[in-house]
Amino acid sequence: MPDTHALVTDFLNKLKKRKIEGSKATAKLTAELLRSVISQQRLPNTNQAGALIHAIKAIGDQLTAANPVEVAVGNIVRRVLHIIREEDVSLTTASIGGLSLQGLSDDDDDDDNPLVSAAAAAAAARTTLRPPSLQTLLEDIPPHSAAAALHHSSSSAGDSEDKTKSTDKNSRSRKLKHNVIEAVNELIQDIATCHELIAEQAVEHIHHNEVILTLGSSGTVIEFLCAAKEKKRSFRVFVAEGAPRYQGHTLAKELVARGLQTTVITDSAVFAMISRVNMVIVGAHAVMANGGVIAPVGLNMVALAAQRHAVPFVVLAGIHKLCPLYPHNPEVLLNELKSPSELLDFGEMSDCMDFGTGTGSPLLHVVNPAFDYVPPKLVSLFITDTGGHNPSYMYRLIADYYSADDLVLQQRPTS
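Residues numbered from 1 in each chain as written. Predicted model: local features only at pLDDT ≥ 70, side-chain atom pairs only at ≥ 80, totals over all residues. Heavy atoms only, no water.

Trainee: I'd like a description of the pairing of strand β4 (residues 279-282), backed by residues and values.
Mentor: Burial of the side chains of β4 extends over both faces: M279 and I281 are buried on one face and V280 and V282 on the other. Bridge analysis of strand β1 (residues 210-215) against β4 gives 2 bridges, and the strand direction is parallel. Among the inter-strand pairings, L213 is bridged to a residue of β4, identified as V280. (Buried < 20%, exposed > 50% of the residue type's maximum accessible area, 1.4 Å probe, protein only. Helix = DSSP H or I, 4+ residues; strand = E, 2+ residues; numbered from the N terminus. Pairing = 2+ DSSP bridges.)

Trainee: Summarise the layout of surface pockets; cite the residues concerned and give the values.
Mentor: The computed volume of the largest pocket comes to approximately 930 Å³. Surrounding the largest pocket, 33 residues form its lining, E21, G22, Q247, H285 and F371 being those nearest its centre. Listing elements by their share of the lining of the largest pocket, those giving two or more residues are α2 (23-40) and α9 (219-230). No other element matches α2, which puts 3 residues into the lining of the largest pocket. Looking at the lining of the largest pocket residue by residue, the class counts come to 11 nonpolar, 14 polar and 8 charged. (1 Å grid on protein atoms, 1.4 Å probe; cavity = no way out; pocket = protein on both sides within 12 Å on 5 of 7 lines; lining within 4 Å. Points joined across faces, edges and corners; volume = space filled by probe spheres on them. Nonpolar A, V, L, I, M, F, W, Y, C, P; charged D, E, K, R; others polar.)

Trainee: Give me helix α12 (residues 299-308): which residues, what numbers.
Mentor: Among the residues of α12, those classed as buried are L299, V302, A303, A305 and A306. The arc that holds the buried residues of α12, viewed along the axis, is 160 degrees, so those residues lie on one side. Contact partners of the buried residues in α12: β1, α11 (270-273), β4, β6 (293-296), β7 (313-316) and β8 (371-374). (Arc of directions from axis to C-beta. Contact = heavy atoms within 4.5 Å.)

Trainee: Describe the environment of Y395, naming the residues involved and giving the relevant values.
Mentor: Following the sequence through the fold, Y395 ends up in helix α13 (residues 394-401). Along the chain, Y395 and N290 lie 105 residues apart, while their C-alpha atoms are 7.2 Å from each other.

Just distances and angles here, no functional claims.
Rendered as structure tokens:
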């Protein structure tokens, strides 16, 4: 089995070099890495959950720092931390319940044989106090045998109790890791099947002869639209091209290949075409705690156009994209700038790149952001693998999947 440090280092390099694309792939690989870390982590005899949480937080801090824009990494780390806390509470509750049941059973046993235990204790006490008698000699019972047997049994009970405690600690440690790994396996399965679970709801939202507008290239959107097509829904899709990376071209080709009527429009034509649209369906890079959406650049313009014409703006997102942080949190990096070469060729604008101001700064600047922020007031509905939710319901989902103690992953230095 590969060393944990080597696995973490390799994953960090991939994140820093942006070799992993897509929130779903990033979330799945992050969960698999944390599962390997948990399986190889050695836990102390006490506070096993605390030690495991500390180890996961230390690794999570490194992962989120490697690529702050990929919010899915921090989401999965916090989900795993929440799983550890839940399993620890579950085991503690079960052990307390077991002790209570054991106490009740011990009381029942004492009630069944109260005379025997009392007689044995009384006999042992008497033999320690009285001198040897004819009766004891005739019965061939040494005078202090009962007391010695009682002392031996008590010492044996003490040794067995210590061994039982040690065995219980080891058993609890193994049980905690086993339960956490099983829960992480379920999380990985949920991430892998989120597209299918979201697509199953398509028939409830897309109807005959509707026109759907989308922007960007999202695998979830593709599966959602194709699922409606398989249910014999007849509709048309308007695809904004998504300059400058033109991801809409890729999406349009995929939809046409799967039999959907598709029309490609320029981004600047969205406002002109929105009056013909029945619904806007888009994917998301991340969903924030306030219901806001980090989405491909250009979607804020589409959301504003949809609001102006009272067109529902629907966002498809797996639960692994739900972030428990707010946009104003310092840990959140809402955007990143892509290469200017996606907008302009260097040779095309080389005459504008001269340092002609005398201050040492160029006259031309090129800004190429990757994402937009869509506020919650512009979102009509979120469709996740757990169902449809209003933006105002996001706080409730966060309470189900995250712990307030894990919102900040950075390790605080101890004074």
